[in-house]
Amino acid sequence: MTDLLLLPGDGIGPEVTAQVRRVAGKIAPDLTLDERPFGGTSFDQHGSPLTDETLAAAKSARAVLMGAVGGPRWANAPRDKRPEAGLLGLRTGMGVFANLRPALCFQPLADASSLKREVIEGLDFMIVRELTGGVYFGQPRFIEDLPGGGRRAVDTQVYTTAEIERVARVAFELARGRRGKVTSAEKSNVMETGLLWRHVVTDLHAREFADVELEHILADNAAMQIVRNPRQFDVMVTDNLFGDILSDISAQLTGSLGMLPSAALGAPGTPGLYEPIHGSAPDIAGKGIANPLAAILSFEMALRWSLDRADLADRLFAAVNHALAKGARTPDLGGSLSTTQMGDAVLAEL
Ligand code: NAD
Ligand code: IPM
Ligand code: MN
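Cut-offs and rules
- Residues numbered from 1 in each chain as written.
- Chains lettered and ligands numbered in written order.
- Predicted model: local features only at pLDDT ≥ 70, side-chain atom pairs only at ≥ 80, totals over all residues.
- Heavy atoms only, no water.
- Near = heavy atom within 4 Å.
- Polar contact = N/O pair within 3.5 Å; in protein donor to acceptor, adjacent residues only side chain to side chain.
- Areas by Shrake-Rupley, 256 points an atom, 1.4 Å probe, with all protein chains shown as cover.
- Domains from an automatic or database assignment.
- Helix = DSSP H or I, 4+ residues; strand = E, 2+ residues; numbered from the N terminus.
- Nonpolar A, V, L, I, M, F, W, Y, C, P; charged D, E, K, R; others polar.
- Buried < 20%, exposed > 50% of the residue type's maximum accessible area, 1.4 Å probe, protein only.
- Contact = heavy atoms within 4.5 Å.

Peer 1: Explanation requested: the site of ligand 2 in the structure shown.
Peer 2: If you check the shell around ligand 2, you find Glu-84, Arg-91, Arg-101, Arg-129, Tyr-136, Asp-244 and Ile-277 and nothing else. Interatomic distance of 2.7 Å between a side-chain N/O atom of Arg-91 and an oxygen atom of ligand 2. Within the side chain of Arg-101, an N or O atom sits 3.0 Å from an oxygen atom of ligand 2. Coverage of ligand 2 by the protein amounts to 79% of the 320 Å² it exposes when considered alone. Lining the shell around ligand 2 are residues from two domains, each supplying at least three of them: domain 1 (1–97 + 267–350) and domain 2 (106–265).

In structure tokens, the structure reads:
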């Protein structure tokens, strides 16, 4: 059985996953690694961003690490063949409904953020994003021509009790091992799905998690509070679309989008999907300057959540922290190291 399946993908994806390969070879040489084309790269080779073979390989590995997908080259591909469609298919195919996105400010980077040090120093909160439902997948969805001219586009936001409850349960359980607080973000003031979300989270809390503090917040206010005073949060649970947006905002608190890893988890015993939250960064792809730390930290999460190697995860986390403390910085963090040199800096601390 493959321990870790690498899906480098497009743009900077292959550049950052190459550093994961080096780190894995050093810290865990016993892990078996495999690799498949994915995203636009797979579309070019096989006519599909996610082949049946790659999905089968993902489902039978212990963990999957994805780099990034997408780019202008595939902008006009049919929607179901676009690289992003491959990623959505991988998430639903693997059933990874809970996406953990940790917004954590490494001490040496307290001055690297565009926010003031006193706002972000010591920051450590976790976004739990629902990943396989909501407006990303709701039917119907289409664009139609209108008889009088113009067109009409429809997306559908939809959630069931079961979908909300299972992701909220992950958030409450996580909070128990942290500072014991869950903030649930939705738009119950204007959306039916938001109202159901609030009711289901409230009921689950009363039934099973009364020991955890629960607070509700409207998602627009959550966006503001994240930049005003992010340390008020411990675990924030939210839907697929709000989670996408709130996690990019949170990434900037940590210094750069190139710092934020993620873990997408499904039912116990099934493989997790690990991916940096950033994209293929077409503006810097091929230049060798992408920050590989979000990808390396995604591997750190894989060691912890899927590969039963929390000891190695701790070591890797410390190595990243030490490398940053010694001043290792790619351009996005205000430095001048290349992607490979940042990999070297982490390897040197292992
Ligand atoms: P992006 O995340 O690719 O880039 C946003 C900005 O952040 C760019 O200026 C980029 O250079 C910078 N950046 C991102 N990652 C970085 C890193 N590791 N190091 C240094 N700088 C980094 O978002 P975008 O430009 O909106 O999207 C580009 C493509 O990526 C689109 O096709 C989009 O659909 C796709 N995308 C994919 C994923 C994914 O694969 N998980 C996530 C987001 C976007
Ligand atoms: C992310 C990305 C994806 C998303 C895209 C590429 C499908 O933005 O992982 O945050 O919207 O979920
Ligand atoms: Mn995103």
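Peer 1: Which parts of the structure should I look at to understand the site of ligand 1?
Peer 2: Residues in close proximity to ligand 1 total 22 residues, the closest being Val-69, Glu-84, Gly-279, Ala-281 and Asp-283. Measuring from an oxygen atom of ligand 1, one finds a backbone N or O atom of Ala-281 at 2.8 Å. Isolated, ligand 1 exposes 800 Å² of accessible area, and the fraction of that covered by the protein chains is 68%. Only β3 (63–68) and α4 (83–94) provide two or more residues apiece to the shell around ligand 1. Here the residues of the shell around ligand 1 sort into 11 nonpolar, 7 polar and 4 charged.

Peer 1: How do you make sense of the environment of Leu-174 when you look at a structure like this?
Peer 2: Locating Leu-174 in the fold gives a position in helix α6 (residues 161–176). Given the relative accessible area of 12%, Leu-174 is considered buried. Here the alpha-carbon distance between Leu-174 and Asp-145, two residues 29 residues apart in the chain, equals 47 Å. When residues no more than four places from it in sequence are discounted, the contact partners of Leu-174 are Leu-100, Met-126, Val-128, Val-235 and Trp-305.

Peer 1: Would you take a moment to explain the environment of Ser-338 for this structure?
Peer 2: Residue placement: Ser-338 occurs in the loop between α11 (310–325) and α12 (339–349). Setting aside anything within four residues of it in sequence, one finds Ser-338 in contact with Gly-288 and Thr-330.

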